[in-house]
Structure formats: structure tokens, C-alpha cells
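Coordinate analysis (summary)
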Amino acid sequence: MPKVKVNDIEIYYEEHGKGRPMVFLSETACDGEVWKINQVEEFSKDYRVITFDYRGTGQSSKPSVDYSTKMFCDDLVGLMDYLNAEDAIVVGHSMGGRVAQLLALDHPKKVHKLVLASTGAHYPQTKGLPLKIMQEMIEWGYEKYERDHTILVGWTEDYVKQHPEKIEAYLKVRMHNLCPVEFYLRHLIARQSHDTSQRLKDIKQPTLILVGDGDQNMTSEINHRMSSEILVKGIPNSKLVLLPNERHSYFFSNPDVAHRAIGEFIAK
Amino acid sequence: MIMPTVRSKDAEIYYEVHGQGQPFLFFSETACSGEIWQLYQEPEFAKDHMVIIHDYRGTGRSSKPSIDYTTRMFCDDAVAVLDHLKVKDAIVLGHSMGGRVAQLLALDHPERVKKLILASTGASFPGGAGLPLQMCKEMIEWGYEKYLREHTIQVGFTDEFAKSQPQRLEEFFKVRLANLAPVEFYLRHVLSRQGHDTSARLKDIRMPTLVLVGENEGDPKVVMTHRMSSDILAQGIPNAKFVMLPKQKHNFFASDPVTVHKAIREFLSA
């Protein structure tokens, strides 16, 4: 099992394929396994795809300390240094997109092009654990929350009805090896505290912003549609691609349109 | 039965009055209705006081608007109750979060507070704004009711009491767990508590103040124990008297009412 010691913890990672490095960053409290559903196969044809488990998730260490997106970014920098991976295409989904912004800002040599998928620069008001999420997790229990919430924000009602098998296939991966509650909460706090909203103009790399046109669930004061608009206005060399009839989790069920957009963006 | 309520801005606040004499207003702990005082304190102090209990917004029989709560809002609700009852001034007792609300009442409406009793409380949670991780983790893993029960036993009662007085413990929980505030409002109360800060204003609390704390309220798991925060209160409030209750934890109003009542009566008659 490939693990590397960085910042006093062990980070689990995988590499598939050869070529320019292409790094994938998962959503909140999600390990790197989800990328093996579709993206690893697709992009390892032409690229050296790197996936990894954030601290607190999967097979990486789970220290009981406060987490931050900067810490996740530092872990990734340690991993990329170890792998001699520079000038990579960096794809960040949701919270992973926040970590990817920090990598582009603080370690620009590591980022050739940036893909910010269903993400944002900040949560303007809600720092700390959001009340609505805590209420649902307490009332429903952790696993049911993760499952129901993932479906609600992930796909349109029509898609859920028409492709239950796709959703179950994803949930099988997502729910397997779910991180302990403590680390889910530590990831949430890290996400809510992240703020690159004043620094977007300093992201110099070509940036593709992807968002589902239906990604409008309000967990707190801002949804991914709104936060993607802020990203495209703030990042100088950026382009927004709206994915029709999609919500948050298109990568894992219906990735063709997103893959095509990424392919065209990389080839340019 | 007619429910005695008073309108306070966007909420109906349920209250009860028992006995006659000097008004005596009670504030409960986080997300706890006023009913808890009917176990021991209302029977004792209604003998010679006008005991006023009420349900915070979000708890018991008061309304539960889904908005952000603050200790300031709870204070305003209590002022509405006092106004409605035409109470000029009262002895004010606050337990835990209730002690934070009582401090605001003493600071912003000093003419309404004759004497102040701050029981197992504090002025702030340093670095503690927002929902605490450990609490949320336990609530998610254990479920709400089990959390409240387990947590209350852990911080509220000594092992000795829990073992030797199980029936008293069950009497307490029968009231505490009945009509439990919905999770949303428990969390709104916790947020208001964590956001409270009167630490820079303690010197302006001018009335005679009794600071009560259990000797065993020093759970080292938390950043600031009630022992520590009570020391800060006793040192910061000019006219404060400090009484430590031997072998007690957070819920001494239920576990040792005799000793607590004696301390309160001594303070009131001084």
C-alpha cells in the first residue's frame, strides 16, 4: 500500500498512468477512492493520475487536531514533492476545489491548469459547524445523513428515479470506509473556515470552473451555483461551463459532459 | 386551562408564578424549560417569595421561532415577563446558561435586579463560538436523548450520588427529559451560549452577587471548567460572595437542594 510520511502523518496515495501529473481532490471528508469510478480510467490514458486520501479519511492518518484547508494543501505539497510531481493539472471537487485554490495561490509551480468543480472561495457567514447539517446528522444518524444528503445534493429527482443503479454504485464506494464522525466534523470546520475570496485575482493559471445548473441546495447561506459565479468573476483567466440537468455529483454517475469540457480545456 | 404567556417580540413566552412576597426570578440551563425548578426550588422559595419561572423561547411551552438566538434575546424575553407582571425588581438566579442571561439582566436593567445568584456559570467561552465539536460528535454517535442523559449524568452528578440515589436521579430526568426541546432549538441555545461574552463587563455588576459552584465541577476535558469560570466571576464582580458546594457537580439544585437553599437563604438575609 503506497503511503508517504508528510508533516508527521502518513498519506495514502495512488498513481495510475504516465504523462503530465493530474491530481484529483475529493469533496469534504471523502477519500480518493471515488475517482476510481470514472476519472482514473478516463484520464490515466494520457496522464499520470494521482489520487490520495485526505488526513482524517480512508487509509491516511487521523490525528485528533484542528484541520484546515491549508493543512490539506500542505499534505498534498508534501506528497507532490515526494512524487516529483510539478506543473500538474489539478482538479478539485467541492471542498477539494478550495484546497486546489490554495495550491494554485501558494505553490503556483505545482499547478499548470486548474479545474474547480462545484466549489467556491468561502462561506461568508457560517464559520464552524453549520446548524442545519448538525441537526440532520443528529436526527437521522451519520450514515443515513451521508446517504440521504448525498442523494439530495448530488442528483436531480428525475435522475435518481431513472438511474438508481448508478447512484447505488457510487454510494457503495462513498459509504465504504466512511471516516469516523469526528473527522467528518473536522473536515466540515476546515471547509467552513476556508476563505480565498480576497485572493482570487492572484490565481494566474488557466482555470475551468464547472458547476451543475441545478447545484443550488442551500446548506448555509451560499450554494455552489452562486459560489461558482464568484469564482469566475474573481479569477482572471477563468471560464465557466454550466452542466445541464446536473447537481453536485456528476463526476460519479454521468461524467461524459464534464470529461469533455475538461479534455477541451486541457488540450487548449 | 389557560396558558399564561406573554408576547415578547416574535415569541409567546410561557411563565408561571408561585407564592407571594419579594419576586424571585429563575433562569434554567441550556435549552431547559422552567419546569425543572418545580422539583425543589419552587416548593422551597414560594413559601415566602413570588417565584417566577418561565420557558425560554425554543423550549417547553414557549414558541419556537427558527431564527438565531442570543442570550440578549432571552434577557429581553424575561424583561417582557417582568413588565407583564409589573415586577419592579427581583432576586435573580441563573443556572449555567441562565447565569449568563442573568448577568445581562443585571448589566442592562440593573434597577430590576435586587440581588444576583450565579450558579455554575461563567462570562464567556474562550475560543468557543459556534457548535462545539465534541458535543456534536457525541450527539450524532449516541442520539439526542441518550446524549442529554449521559452528558447530564457525567457533568451533573457525582458517581456516588448516581449510585446511592438512583430514584432521585430518575425523578430529575423525568422532568428534564419530558418535553425535550427539538434538536434544532437545543443547538440554537448552545450557539447563543457559546456566543455570550460579558467578561469585560463584570466590574459593572453592582448588586450583591452570590457565585455558587460545585466542588467537583472541574472536568479537565473542557478548556474552561465551571470552577474556573466561577473564579473569574467571583474575582470580576465587585460585590460578590463565593460559595463552593462540597462534593457537588453541575446539577446540585437537584442533588443537594438542602445545602444550596441554605447558602441562598444566608445570602438573601445578609
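Here's what I pulled together on the structure shown here. (Residues numbered from 1 in each chain as written. Chains lettered and ligands numbered in written order. Predicted model: local features only at pLDDT ≥ 70, side-chain atom pairs only at ≥ 80, totals over all residues.)

**Describing the overall build of chain A**
Assigned secondary structure in chain A consists of 10 helices and 8 strands. Relative to the compact-globule value of 18 Å for 268 residues, chain A shows a C-alpha radius of gyration of 17 Å, a close match. Its C-alpha atoms give chain A principal-axis dimensions of roughly 45 × 40 × 40 Å. Looking at chain A as a whole, 48% of its 268 residues qualify as buried. Looking at chain A alone, contacts between residues at least 24 apart form 78% of all its contacts between residues at least 6 apart. (Helix = DSSP H or I, 4+ residues; strand = E, 2+ residues; numbered from the N terminus. Rg over C-alpha atoms; globule rule 2.2 N^0.38 Å. Buried ≥ 20, exposed ≤ 12 C-beta atoms within 10 Å, placed from the backbone. Contact = placed C-beta atoms within 7 Å.)

**What to know about the nonpolar core**
Ranked by internal contacts, the top residues of the largest apolar core, which has 140 residues, are Val90 of chain A together with Val92 of chain B. For this core, the element with the most residues is helix 8 (residues 181-193) of chain A, which contributes 7 residues. Not counting the four nearest positions on each side in its chain, Val92 of chain B is found in contact with Leu25, Ala102, Leu105, Ala106, Val113 and Leu116 of chain B. (Core = buried A, V, L, I, M, F, W, Y, C linked by C-beta atoms within 7 Å.)

**Some points on the sheet that holds strand 2 (residues 11-18) of chain B**
Residues and elements named next belong to chain B. Ordered in space as 1-2-4-3-5-6-7-8, the 8 strands form an open sheet in which the pairing is mixed. A single partner strand is all that each edge strand has here, and the edge strands are strand 1 (5-8) and strand 8 (240-245). The sheet shows a mean angle of 25° between the axes of neighbouring strands, direction not considered. As paired elements, strand 7 (residues 209-214) and strand 8 share 6 bridges and run parallel to each other. (Pairing = 2+ DSSP bridges. Axes fitted to C-alpha atoms, helices over the stretch in contact; angles between N-to-C directions.)

**A word on the interface of chain B and chain A**
Listed per partner, the contact involves 14 residues of chain B and 14 residues of chain A. Among the elements that line the side of chain B that touches chain A, the one with the most residues is helix 4 (residues 133-142) of chain B, at 6 residues. Counted by class, the side of chain B that touches chain A contains 10 nonpolar, 1 polar and 3 charged residues. (Nonpolar A, V, L, I, M, F, W, Y, C, P; charged D, E, K, R; others polar.)

**Re the environment of Gln162 of chain A**
All names here are of chain A. Among the structural elements, Gln162 can be located in helix 6 (residues 157-162). Judged by the 11 C-beta atoms lying within 10 Å of it, Gln162 is exposed. Between the C-alpha atom of Gln162 and that of Lys127, which follows or precedes it by 35 residues, the distance is 37 Å.

**Focus: the sheet that holds strand 3 (residues 21-25) of chain A**
Residue and element names in this part refer to chain A. Reading across from one edge, 1-2-4-3-5-6-7-8 is the order of the 8 strands in this open sheet, with mixed pairing throughout. The open sheet is flanked by strand 1 (3-6) and strand 8 (238-243), the only strands paired with a single partner. Geometrically, the sheet is characterised by an average inter-axis angle of 25° between neighbouring strands, direction not taken into account. By the bridge criterion, 6 bridges tie strand 5 (residues 88-93) to strand 6 (residues 111-117) in an arrangement that is parallel. Bridge pairing links His93 to Ala117 in strand 6. Against the sheet, helix 2 (residues 69-82) touches strand 1, strand 2 (9-16) and strand 4 (48-52), its axis set at about 120° to strand 1.

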